[in-house]
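Residues per chain are reported as follows:
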Amino acid sequence: MDMNVLVINGSPHKEGCTHTALMEVASVLNREGISTSEFHIGTQAIRPCIACGACAKTGYCAFNEDRVNEAIDLAQKSDGILVGSPVYYAAPNGSLCAFLDRMFFMKGYKFAFKPAAAIVSCRRGGASAAFDRLNKYFTICNMPVVPSQYWNSVHGMTPAEVRRDLEGMQVMRTLGRNMAWLLKCIDAAKPTVPYPKHEDRVSTNFIRG
Ligand SMILES: Cc1cc2nc3c(=O)[nH]c(=O)nc-3n(C[C@H](O)[C@H](O)[C@H](O)COP(=O)(O)O)c2cc1C
């Protein structure tokens, strides 16, 4: 079966360090017969979620002036999702967080059981905190998180520096191989292993009577 992974580049730099790391993962996926499409969030302003709740009814964000709703459809059609971000103050890029908040809030059911992974690019520090933050989008949405041989980060201020981070680049290639393996396992299991059944959601807001 033809499979595709949506690659979300959350850096303002279209072909910067984050892109360089993402493409190392993508090139392995491609070699394994899985196609990839890169989606750059761009440099235009991205609104934050205003918690209006409209998406609970429509399955889409109420704001249409940026590409969040397009990404929702692309992610729903894809077999896996890979997200990359530069590290800003030990966190993912704020624009990317705004983008992902609106993409995932109340719509995670659209992405359930799709393998997902995050990668981050930093100059020096804060990588694992940013990485953890991105993984939260997946683990709240029943998405299996693909592992690698280390926490998925590269180091550099320029693509050339990232390419010199040999261990970081190897972590990216391992991630690509692991993602391809998991995608193929899930695909092979489809005729015999049904997806898990969902219980009706229980939502308790830590209220004590
Ligand atoms: C606003 C801002 C904050 C940053 N904060 C950090 C940081 O906390 N830790 C770090 O190592 N690098 C930090 N950096 C550097 C970038 O994360 C790093 O150079 C990254 O590889 C750039 O990726 P890009 O080329 O895809 O934009 C920061 C850069 C900017 C612009």
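In case you missed it, the structure is sitting above this.
Every value quoted in this text rests on a predicted model; they were computed, and no experiment measured them.

Asker: Pulling in residues and values, what's your account of unusual backbone geometry?
Answerer: Phi is positive for Tyr89, which is not a glycine, with a value near 50°. When the 10 C-beta atoms within 10 Å are taken as the criterion, Tyr89 is described as exposed. One non-glycine residue with positive phi stands out, namely Phe113, at about 70°. With respect to the element layout, Phe113 can be found in the loop between α4 (94–104) and β5 (116–122).

Asker: Explain the pairing of strand β1 (residues 4–9) to me, and be specific about the residues and the numbers.
Answerer: With five of its six residues buried, β1 lies for the most part within the structure. The pairing of β1 with strand β2 (residues 35–40) spans six bridges and is parallel. Along β2, the bridge assignment pairs Leu6 with Ser37. Handedness of the crossover joining β1 and β2 through helix α1 (residues 17–31) is recorded here as right-handed. Note that β1 and strand β3 (residues 80–88) share five bridges and pair parallel.

Asker: Could you give an account of the environment of Met106, naming the residues involved and the relevant values?
Answerer: In this structure, Met106 sits in the loop between α4 and β5. Remark: the alpha-carbon pair of Met106 and Lys57, spanning 49 residues in sequence, is separated by 9.1 Å. If we skip the residues at most four places from it in the chain, Met106 touches Cys55 and Ala56.

Asker: Give a description of the pairing of β3 that names residues and reports values.
Answerer: Side chains on a regular strand alternate between the two faces of the sheet. Extensive coverage of β3 is indicated by the burial of eight of its nine residues. Inspection of the sheet shows β3 paired to strand β4 (residues 91–92) by two bridges, in the antiparallel sense. In the sheet register, Val87 faces β4, and the bridge partner there is Pro92.

Asker: Describe α4, with residues and values.
Answerer: With eight of eleven residues buried, α4 is to be regarded as a mostly interior element. Against the buried residues of α4 lie α3 (68–77), β3, β4 and α5 (127–139). One or two positions beyond α4, positive phi appears at Met106, with a value near 65°.

Asker: Outline α1, supporting the account with residue identities and numerical values.
Answerer: If you check α1, its first and last C-alpha atoms are 22 Å apart, about what 15 residues at 1.5 Å a residue would give, namely 21 Å. Most of α1 sits inside the fold, with eleven of its 15 residues counted as buried. Taken as a whole, α1 has its buried residues at Cys17, Thr18, His19, Thr20, Ala21, Leu22, Glu24, Val25, Ala26, Val28 and Leu29. Immediately downstream of α1, the backbone of Gly33 shows phi near 90°, a positive value.

Asker: Please provide a residue-by-residue account of the environment of Ser121, values included.
Answerer: If you trace the backbone, Ser121 turns up in strand β5. Spatially, the C-alpha atom of Ser121 lies 12 Å from that of Arg163, the residues being 42 residues apart in sequence. If near-sequence neighbours (up to four positions away) are discounted, Ser121 is found in contact with Cys17, Thr18, Ala21, Pro86, Val87, Ser153, Val154, Gly156 and Val162.

Analysis parameters
Residues numbered from 1 in each chain as written. Predicted model: local features only at pLDDT ≥ 70, side-chain atom pairs only at ≥ 80, totals over all residues. Buried ≥ 20, exposed ≤ 12 C-beta atoms within 10 Å, placed from the backbone. Helix = DSSP H or I, 4+ residues; strand = E, 2+ residues; numbered from the N terminus. Pairing = 2+ DSSP bridges. Right-handed = clockwise from strand over helix to strand, strands pointing away. Contact = placed C-beta atoms within 7 Å. Expected span 1.5 Å × (residues − 1).

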